[in-house]
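Each chain, written out:
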Amino acid sequence: MHAHTSLTTFLPSRRTALLASVGLLAGSSAVWAASKGRAKASEPGVWPRALVVPGGVVRLSLGPAPERPVAVAGEVPLLVLGDMIEWTAVVGIPLSAPLGAAHISVAATADSPARQVAYTVADKRYREQRLTVAPRTVDLSPENQARYERERDHQAGVMATFSTPLPARLAMQVPTPGRRSSSFGLRRVFNGQARNPHSGMDIAASTGTPVVAPLPGKVIDTGDYFFNGQTVWLDHGGGLLSMVCHLSAIDVQIGDSVHTGQRVGAVGATGRVTGPHLHWGVMLNRSMVDPALFLPA
Ligand SMILES: [Zn+2]
């Protein structure tokens, strides 16, 4: 079946509303859909793999509807994929999410009454990681604190991106070869001081190793940031973003379209690092989620 659906944007009302026409092929829907019932556990061959914990992803069945439903978590628009036979919300769960009962709100259109779809966030114990880094990157000078706050505010705007077309597939290519650490979610202690948990995947690779796009996308931000170093943000559509950090080189510009496997930069050791490696982050509905869930097992 080839559903050709008119999609009302999920952007906040202060933004210009737009209508986009999105074609979905049944073949691509098999990649991520197929889950009947709510909060299904992991299914082989379906990406992202569901893992209903902080930093994970939940796939919520929304049932049939003639038009793509509008789903939000609070104010944040959610990725809804499928066709009129079966719609599914693919929802990123923040690392800071409380355990237990959670819900999204779903409506036929942005203006119609919403119903709640519930799920339960299970516990996951992330280990602690103690790191020693340059003291100036832990106890920030007033200048560096001001720089960090500017960059944080700028990146919050980047992270709020929700664009169409929606992604045609969600299974990603790893952005650089190398040993993948399972350090996502680690509670980090820098020089004895607790800091934000580790919100991405670190891949061991030497400086200069090519870094490629994990999915087709558009370059929405590049910069040299205090903590993340040289960084490229890619928008894959529907609130699915990815970031690659600590680069030694950036080979793309804002506005560029890239295909899966296209080089965007090179591994480096810029920003707050203990050595050269790639930090790869995947963001869904403004939540950093475990990139491993998007990779073939
Ligand atoms: Zn990292």
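One numbering rule holds for all chains: residues counted from 1, following each sequence as written. Only residues with pLDDT of at least 70 are given local features in this predicted model, and only at 80 or more are side-chain atom pairs given and counted; all residues enter the totals for whole chains, interfaces and linings. With hydrogens and water excluded, all non-hydrogen atoms of the structure serve as input to the side-chain values.

## Description of unusual backbone geometry
Apart from glycine, the bulk of residues carry a negative phi angle, and the bulk of peptide bonds sit in the trans form.
Reasoning step 1: The linkage connecting Thr-164 with the following residue, Pro-165, adopts the cis geometry, with an omega of 5°.
Reasoning step 2: Numbering of helices and strands starts at the N terminus; helices are DSSP runs of H or I of at least 4 residues and strands are runs of E of at least 2. Residue position: Pro-165 is located in the loop between helix H2 (142–159) and strand E11 (179–180).
Reasoning step 3: Even without a glycine there, the phi angle at Asn-191 is positive, about 50°.
Reasoning step 4: With respect to the helices and strands, Asn-191 occurs in the loop between strand E12 (187–190) and strand E13 (193–194).
Reasoning step 5: The phi dihedral of Arg-286 falls on the positive side, at around 65°, and the residue is not glycine.
Reasoning step 6: Tracing the chain through its elements places Arg-286 in the loop between strand E22 (278–284) and strand E23 (287–289).

## Here we look at the sheet that holds strand E10 (residues 128–131)
Reasoning step 1: Strand order in this open sheet of three strands is E10-E12-E13, and the pairing throughout is mixed. Looking at strand neighbours, the two that pair on one side only are E10 and E13, the edges of this open sheet.
Reasoning step 2: Strand direction decides the pairing type here: E12 and E13, joined by two bridges, are antiparallel. In the sheet register, Val-189 faces E13, and the bridge partner there is Ala-194. Note on pairing: DSSP must find at least two bridges between two strands before they are called paired.

## Description of the sheet that holds strand E21 (residues 263–266)
In a beta sheet, neighbouring strands are held together by backbone hydrogen bonds and run either parallel or antiparallel to one another.
Reasoning step 1: Taking strand neighbours across the sheet as the criterion, the three strands line up as E15-E21-E19 in an open arrangement whose pairing is antiparallel. For this open sheet the edge positions go to strand E15 (210–212) and strand E19 (249–250), each flanked by a neighbour on one side alone.
Reasoning step 2: In terms of strand pairing, E19 meets E21 through two bridges, oriented antiparallel. Residue pairing across strands places Ile-250 opposite Gly-265, the latter belonging to E21.

## Quick word on the coordination of the zinc ion
Reasoning step 1: Any N, O or S atom lying within 2.8 Å of the metal counts as a donor, with the limit raised to 3.2 Å for Na, K and Ca; because water is left out of the atom set, some sites can appear incomplete. On the protein side, the zinc ion has His-198 (NE2), Asp-202 (OD) and His-279 (ND1) as donor atoms, found 2.0 to 2.1 Å from it.
Reasoning step 2: Written as a sequence motif, the donor arrangement for the zinc ion is H-x3-D-x76-H.
Reasoning step 3: Residue classification places His-198 among the buried residues on the basis of a relative accessible area of 3%. Remark: exposure states derive from per-residue accessible area (1.4 Å probe, protein chains only) relative to the maximum for the residue type, with buried under 20%, exposed over 50%, and partly exposed in between.

## Considerations on the packing of aromatic side chains
Reasoning step 1: Aromatic contacts are taken between Phe, Tyr and Trp rings whose centres are within 6.5 Å, Trp giving its six-membered ring; a plane angle under 30 degrees counts as stacked, one over 60 as edge-to-face, and the others as tilted. This structure, assessed with the given rule, holds three aromatic pairs.
Reasoning step 2: Where Tyr-126 meets Phe-184, the ring centres are 6.2 Å apart and the plane angle is 75°; that geometry is what we call edge-to-face. Highlighted residues: Tyr-126 in the loop between strand E9 (115–121) and E10 and Phe-184 in the loop between E11 and E12, separated in sequence by 58 residues. You'll find Tyr-126 and Phe-184 in the same group, each marked buried.
Reasoning step 3: On the numbers, 5.0 Å between centres and 75° between planes, the contact of Phe-226 with Phe-227 is edge-to-face.
Reasoning step 4: Here Phe-226 falls in the buried class, since its relative accessible area comes to 5%.
Reasoning step 5: Grouped by ring-pair contacts, the aromatic residues Tyr-148, Phe-226 and Phe-227 constitute a single cluster.

## With respect to the pattern of salt bridges
Reasoning step 1: For this document, the term salt bridge refers to a Lys or Arg side-chain nitrogen within 4 Å of an Asp or Glu carboxyl oxygen. Applying the stated criterion to the full structure yields six salt bridges.
Reasoning step 2: Among the salt bridges present, the one from Glu-128 reaches Arg-130, with a minimum N-O distance of 2.7 Å.
Reasoning step 3: We classify Arg-130 as exposed; its relative accessible area is 57%.
Reasoning step 4: Among the charged side chains, a salt-bridge network with shared partners connects Glu-128, Arg-130 and Arg-187.

## A word on the pairing of E22
Reasoning step 1: Among the seven residues that make up E22, seven are buried, leaving the element largely enclosed by the rest of the structure.
Reasoning step 2: Burial along E22 is two-sided: Leu-278, Trp-280, Val-282 and Leu-284 facing one way and His-279, Gly-281 and Met-283 facing the other are all buried.
Reasoning step 3: With three bridges connecting them, E22 and E23 associate as antiparallel partners. Looking across to E23, one finds that Leu-284 is bridged to Ser-287.
Reasoning step 4: Counting the residues in the hairpin turn of E22 and E23 gives two residues, including Asn-285, whose phi is positive at 40°.

## Side note on the environment of Ser-183
Reasoning step 1: Structurally, Ser-183 is set in the loop between E11 and E12.
Reasoning step 2: With 20 residues separating them in the primary sequence, Ser-183 and Ile-203 have C-alpha atoms 9.8 Å apart.
Reasoning step 3: What qualifies as a polar contact is a pair of N or O atoms within 3.5 Å, subject to a donor-acceptor requirement within protein and to the restriction that residues adjacent in sequence count only when both atoms come from side chains. A distance of 2.7 Å separates a polar atom in the side chain of Ser-183 from a polar atom in the side chain of Ser-181.

## Here's the deal with the nonpolar core
Reasoning step 1: If you look at the biggest cluster of nonpolar residues, it comprises 33 residues, and the most contacted ones within it are Met-172, Leu-240, Val-244, Leu-278, Trp-280 and Phe-294.
Reasoning step 2: No other element matches E22, which puts four residues into this core.
Reasoning step 3: Both domain 1 (4–121) and domain 2 (128–294) contribute no fewer than three residues apiece to this core.
Reasoning step 4: When checking whether two residues touch, look at their non-hydrogen atoms; a contact exists if any pair is within 4.5 Å. Apart from the residues within four sequence positions on either side, Leu-278 is in contact with Pro-175, Thr-176, Met-201, Asp-202, Ile-203, Val-211, Val-244, Cys-245, Leu-247 and Val-267.
Reasoning step 5: In terms of nonpolar packing, the next biggest core, distinct from the first, is built from 19 residues, Val-52, Val-91, Ala-102 and Val-121 among them. Side-chain atoms within 4.5 Å are what join buried Ala, Val, Leu, Ile, Met, Phe, Trp, Tyr and Cys residues into a set we call a nonpolar core. Segmentation of the chain into domains, including their bounds, is taken from an automatic or database domain assignment.

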